[in-house]
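As a plain string of letters, each chain reads:
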Amino acid sequence: MAEKTVLKSPADFENRPHVVPSDLAAIALVAKRYAVGVTPHVMSTIQGSPQDDPVARQYIPQKEELLVLPEESPDPIGDDAHSPVKGIVHRYPDRVLLKIANVCAVYCRYCFRREMVGPGSATLKPAELEAALNYIRNDSNIFEIILTGGDPLVLSPKKLSKILDDLCAIPHVQVIRIHSRVPVADPARITTELCAALDREKAVYMAIHINHTNEITPDVKAVFKALHKAGCVLLSQSVLLKGINDNTQALENLFRTLVSLRVKPYYLHHPDLAPGTSHFRLPVHEGQALMASLQGRISGLCLPHYMLDIPGGHGKVPIGPSWLEETQNGTYLVKDRHGHTHAYPPENKE
Ligand code: SF4
């Protein structure tokens, strides 16, 4: 029978293919500070070490995580400053995050909420959840709810269904978006019961966290199909990560494969300044150059927005390459994808 245990402690990783003694030493050190968790499904997709395998590097701890830089922060995107009640982050007028679980099916080594998630972190208590729902009920500007965590899909289908019932009953809430790593990291959790819970009259979007084509196994493809059948609109969100997907070919393969499976690439995040993650970050100008290299090479359907979450809670902004420049006489200079510049006339002011 297939193994079901999630690997959490250094001892769980002993005698595993591709896990070498230096990894075991790193796992022992890192596990004292951050949550570690790798599902059997993820382990089955690993074909090498964190130094050369794009899936291993996302999940197997490395000693570099112990290096914390001064610019890194436990709350890198400033959620706390926008949290009026526990579990809610209200940064933009028409939408809120509802953080319903602080645990995940797996623990990604570059996680931006790594100081807040983990097995010891509590899920919202019933009274806290009710207070969060009341906050949403009382603000008719809130159009969209983003269920996040942790990972909302670690909840039982029954619990998730009750939360969706409550949200769908709020007239001004029109869209529910679920951010999850579960479809690619633990596809067995996407059961018929869970799909039934997700099947709603109101629009349910799912933004699936995925960073490399090696994560798309036959089981994952079957899950995408099941979620489509349940009426979910599927989007992807990826993080641009050094040594994992920081080259044109890897990004092209990922985005094209997703689109062919009816998953729209939505965001490519520049990695946040989370503690101990500097080995994953590349300079913004390199990210922009990668996005420029994809322009025209893959269709607009395949291209996500390259996004930066401004530290301090100032929100997300697109930081993709700029193709247009206004000159002093009002004429524009537009660059094409080959780097050639063309003039574009100014607006007619009459
Ligand atoms: S699934 Fe999301 S919240 Fe959980 S560890 Fe990975 S990045 Fe962090």
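Since the model is a prediction, treat every value here as computed from it, not as a measurement.

Student: Would you mind going over the nonpolar core with me for this structure?
Tutor: Note that soluble globular proteins tend to have their nonpolar side chains buried in a common cluster. The biggest cluster of nonpolar side chains holds 62 residues, and the ones touching the most others in it are Leu98, Ile136, Leu147 and Leu167. Apart from residues lying up to four places away in sequence, leucine 167 is in contact with Leu98, Leu133, Ile136, Ile145, Leu147, Val173 and Ile176. By size, the runner-up hydrophobic cluster in this structure holds 21 residues, among which are Leu7, Ile27, Val36 and Phe280.

Student: Any chance you could explain the packing of aromatic side chains here in plain terms?
Tutor: By convention here, two paired aromatic rings are described through the distance between centres and the angle between planes. One pass over the full model with this rule turns up three aromatic pairs. Between tyrosine 266 and tyrosine 267, the aromatic rings sit 4.0 Å apart at their centres with planes inclined by 15 degrees, giving stacked as the arrangement. The ring of tyrosine 92 has arginine 95 lying over it, and the distance from NZ or CZ to the ring centre is 4.1 Å. The cationic tip of arginine 114 hangs over the ring face of tyrosine 34; the distance from NZ or CZ to the ring centre is 3.6 Å.

Student: Can you help me understand the state of the cysteines in this one?
Tutor: Two cysteines joined by a covalent bond between their sulfur atoms form a disulfide. On inspection of all chains with the given rule, the structure shows zero disulfides. Not engaged in a disulfide, the cysteine cysteine 168 finds its nearest cysteine sulfur in cysteine 232; these two sulfurs lie 11 Å apart. For the unlinked cysteine cysteine 232, the closest cysteine sulfur is that of cysteine 195, found at 7.1 Å. According to the relative accessible area criterion, cysteine 232 is buried, its value standing at 4%.

Student: Explain the sheet that holds strand E10 (residues 324-326) here, please?
Tutor: In any sheet, the strands associate via hydrogen bonds between backbone groups, in a parallel or an antiparallel arrangement. The three strands lie next to each other as E10-E11-E12, forming an open sheet whose pairing is antiparallel. Strand pairing shows two members of the sheet lacking a second neighbour, E10 and strand E12 (341-344), which therefore form its edges. The average angle at which neighbouring strand axes cross in this sheet is 25 degrees, direction not considered. Note: strand E11 (residues 332-335) against E12, four bridges, orientation antiparallel. Within E12, the position partnered with leucine 333 by the bridge is alanine 343.

Conventions we followed
Residues numbered from 1 in each chain as written. Predicted model: local features only at pLDDT ≥ 70, side-chain atom pairs only at ≥ 80, totals over all residues. Heavy atoms only, no water. Core = buried A, V, L, I, M, F, W, Y, C linked by side-chain atoms within 4.5 Å. Buried < 20%, exposed > 50% of the residue type's maximum accessible area, 1.4 Å probe, protein only. Contact = heavy atoms within 4.5 Å. Phe/Tyr/Trp six-rings, centres within 6.5 Å; stacked < 30°, edge-to-face > 60°. Lys NZ or Arg CZ within 6 Å of the ring centre and 35° of its normal. Disulfide = S-S within 2.5 Å. Pairing = 2+ DSSP bridges. Helix = DSSP H or I, 4+ residues; strand = E, 2+ residues; numbered from the N terminus. Axes fitted to C-alpha atoms, helices over the stretch in contact; angles between N-to-C directions.

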